[in-house]
Amino acid sequence: MRILIIGAGGREHALAKALQHSKEPVRLYAVGTNAGMQSCCTMADIPLSDHQAIRDHAKVLGIDFCVVGPDEPLVHGLVDVLEAQGIPCFGPSKAASRLEGSKSFAKAFMQRHHIPTPAYRVFDSLEEAREHVRSCQLPVVIKADGLALGKGVVIAFARADAVDAVERMMGDRIFGESGAVLVIEEYVSGPEVSLLVCTDGTHAVPLVSAMDHKRAWDGDEGPNTGGMGVVAPNPYYTQEVAQYCMTHIVEPTINGMREEGHPFTGCLFFGLMLCPSSPVVIEYNCRFGDPEAEAVLALLDSDLLEIMLAVRKGRLDQVPIRFKDAFACSVTVASKGYPLSYRVGKPISFDPLPPGVEVLHAGTKTETGTVVTHGGRVLHIVGTATTLEAAITLAYQGVGCVHFAGMEYRKDIGKRALEAEV
């Protein structure tokens, strides 16, 4: 089977490695640049925004199945383009992807279907948004309505910071048209959970839960990033919490999208906050989380291709989805200065890895035979073991086997999870 993976980050490298282990023989192709994926995929450097070029490339290759990884091509309708050409895809339609592509749509959807989420207001006027944050209760959460690479959210504890966030997003358009509309919502607190759910539009199967670490620096300080590390499973996501979330959050979401005529098929990411009263939805993502996928897929003990094909055919209830009785920790190794300004082109060297550790490439490329940095998040180092503490230890041993000028990473990935276990 010829499979085309759209995207070339750490998530897509994890997907490629998992698909390699399918029972059915596969030949993998990918769109993008990634030095690590070159060992298992035939790569083509096509812009993800050029849907026609991707379609033509898939037709020339005779692709049997396409897996779309990143949010942007999903939100802009790549699945619709490929499916119209008879190329079956794993991933939601443009209409279903609005759950991530528009936060105002997602919030209104949750309100319509009585899915718990923080109270909010939507603004398309700079003056009205500015006036609101000058008098609303603090802290307050300010979100760009559209895609912003995981960085379009500001939690403002001071009035001046709230006003500044509104002016930068809506006035200065630091996120382009994604900031033309703002969602401003009440601040809630509690342990966060990343939950990935495979769904064929009718049936929904949650994957193992995860805990992301969004802030750039230790102690959850610094600016938001695309994710600096993950542990899985999340110790806060107990069986009791999981049952509540399936009944009050996951099933109403899947059923609601189907009832509204836009069934969601693919992997739906639920960003949850376990508030003292009950869990609430902070955000939806219309694809595998990144870097959650790197840890979650390391624990998968079933055939990923079989699962994806079942999703596409509406037969997810007929496929077993199993996970290893183990833990995974993924530590993101980034370029100095990420998520703000950073330099690329730094040569990377690798020492032999200890057993139980794998390296997934996120922002790398090959120049004259040398692997060099090619992004803010460069590598994800994943450790897998029978205990969480051992998985964390392995991941950091793996970090010590990677070397490039200016490499940065958090030293406390998994610390909160270990405290929860105690």
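The rules we used
- Residues numbered from 1 in each chain as written.
- Predicted model: local features only at pLDDT ≥ 70, side-chain atom pairs only at ≥ 80, totals over all residues.
- Heavy atoms only, no water.
- Helix = DSSP H or I, 4+ residues; strand = E, 2+ residues; numbered from the N terminus.
- Rg over C-alpha atoms; globule rule 2.2 N^0.38 Å.
- Buried < 20%, exposed > 50% of the residue type's maximum accessible area, 1.4 Å probe, protein only.
- Pairing = 2+ DSSP bridges.
- Axes fitted to C-alpha atoms, helices over the stretch in contact; angles between N-to-C directions.
- Disulfide = S-S within 2.5 Å.
- Contact = heavy atoms within 4.5 Å.
- 1 Å grid on protein atoms, 1.4 Å probe; cavity = no way out; pocket = protein on both sides within 12 Å on 5 of 7 lines; lining within 4 Å.
- Points joined across faces, edges and corners; volume = space filled by probe spheres on them.
- Nonpolar A, V, L, I, M, F, W, Y, C, P; charged D, E, K, R; others polar.
- Patch = residues over 30% accessible without salt bridge, like charges linked within 9 Å, V, L, I, M, F, W, Y side chains within 5 Å.
- Areas by Shrake-Rupley, 256 points an atom, 1.4 Å probe, with all protein chains shown as cover.
- Salt bridge = Lys/Arg side-chain N within 4 Å of Asp/Glu carboxyl O.
- Phe/Tyr/Trp six-rings, centres within 6.5 Å; stacked < 30°, edge-to-face > 60°.
- Lys NZ or Arg CZ within 6 Å of the ring centre and 35° of its normal.
- Polar contact = N/O pair within 3.5 Å; in protein donor to acceptor, adjacent residues only side chain to side chain.

A. Molecular detail of the overall build of the protein. Across its full length, the protein carries 13 helices and 24 strands. Since a compact globule built from 422 residues should have a radius of gyration of about 22 Å, the 21 Å found for the protein is in line with a globular shape. On the principal axes, the C-alpha backbone points of the protein span a range of 60 × 45 × 45 Å. The buried share of the protein, reckoned over its 422 residues, is 56%.

B. Quick look at the pairing of strand β16 (residues 266–274). For β16, the buried fraction is high: nine of the nine residues fall into the buried class. Pairing of strand β10 (residues 192–199) with β16, which is carried by eight bridges, proceeds in the antiparallel orientation. Each bridged residue has a counterpart across the sheet, and for Glu-192 the counterpart in β16 is Met-273. Bridging between β16 and strand β17 (residues 279–285) involves six bridges; their strand directions are antiparallel. Bridging across to β17, Phe-270 finds its partner in Tyr-284.

C. Structural context of the sheet that holds strand β6 (residues 120–123). Across the sheet, four strands lie side by side as β6-β9-β7-β8; this open sheet has antiparallel pairing. A single partner strand is all that each edge strand has here, and the edge strands are β6 and β8 (153–156). On average, each strand axis in the sheet is inclined to that of its neighbour by 20°, with strand direction left out of account. Here strand β7 (residues 140–144) pairs with β8 via four bridges, running antiparallel.

D. View of the state of the cysteines. Scanning all chains against the criterion turns up zero disulfides. Free cysteine: Cys-245, not disulfide-bonded; nearest cysteine sulfur from Cys-275 at 11 Å. Not engaged in a disulfide, the cysteine Cys-401 finds its nearest cysteine sulfur in Cys-329; these two sulfurs lie 14 Å apart.

E. Inspection of helix α1 (residues 10–20) at higher detail. Here α1 lies mainly inside the structure; nine of its eleven residues are buried. Those residues of α1 not exposed but buried are Gly-10, Arg-11, Glu-12, His-13, Ala-14, Leu-15, Ala-16, Ala-18 and Leu-19.

F. Structural view of the environment of Leu-4. Summarising the element assignment, Leu-4 is placed in strand β1 (residues 2–6). By relative accessible area, which is 0% here, Leu-4 ends up buried. Between the C-alpha atom of Leu-4 and that of Val-68, which follows or precedes it by 64 residues, the distance is 8.3 Å. Residue contacts for Leu-4: discarding those within four places in its chain leaves Tyr-29, Ala-30, Val-31, Ile-54, His-57, Ala-58, Ile-63, Phe-65, Cys-66 and Val-67.

G. Quick peek at the layout of surface pockets. Space inside the second largest pocket adds up to approximately 540 Å³. Surrounding the second largest pocket, 21 residues form its lining, Lys-151, Val-153, Val-154, Arg-168 and Phe-175 being those nearest its centre. When residues of the lining of the second largest pocket are traced back to their parent elements, those giving at least two are β8, α8 (159–171) and β14 (221–224). Of the residues contributing to the lining of the second largest pocket, the split by class is 15 nonpolar, one polar and five charged.

H. View of a nonpolar patch on the surface. A cluster of nonpolar side chains, Ile-155, Phe-157 and Tyr-187, forms an exposed patch at the surface whose accessible area comes to about 270 Å². You can see Ile-155 is positioned in strand β8.

I. The packing of aromatic side chains, seen in detail. Taken as a whole and assessed by the stated rule, the structure comprises six aromatic pairs. On the numbers, 6.3 Å between centres and 50° between planes, the contact of Tyr-396 with Tyr-409 is tilted. Linking Tyr-396 in helix α12 (residues 388–399) with Tyr-409 in the loop between β24 (402–403) and α13 (415–421), this pair joins segments that are 13 residues apart in sequence. The ring centre of Tyr-409 lies 4.6 Å from the NZ or CZ of Lys-411, which sits over that ring.

J. Region of the structure containing helix α11 (residues 304–313). Judged by how many residues are buried, α11 sits mostly within the fold: seven of ten residues are covered. Among the residues of α11, Leu-304, Leu-305, Ile-307, Met-308, Leu-309, Ala-310 and Val-311 are the ones counted as buried. Contact partners of the buried residues in α11: β1, α1, β4 (65–68), β5 (89–90), β10 and β16. Two or three places before Leu-305, at the start of α11, stands the capping residue Asp-303, its side-chain oxygen 3.0 Å from that residue's backbone nitrogen. Downstream of α11 by a residue or two, Gly-314 has a phi angle that is positive, lying close to 75°.

All quantities given are derived from atomic positions and should not be read as evidence of function.
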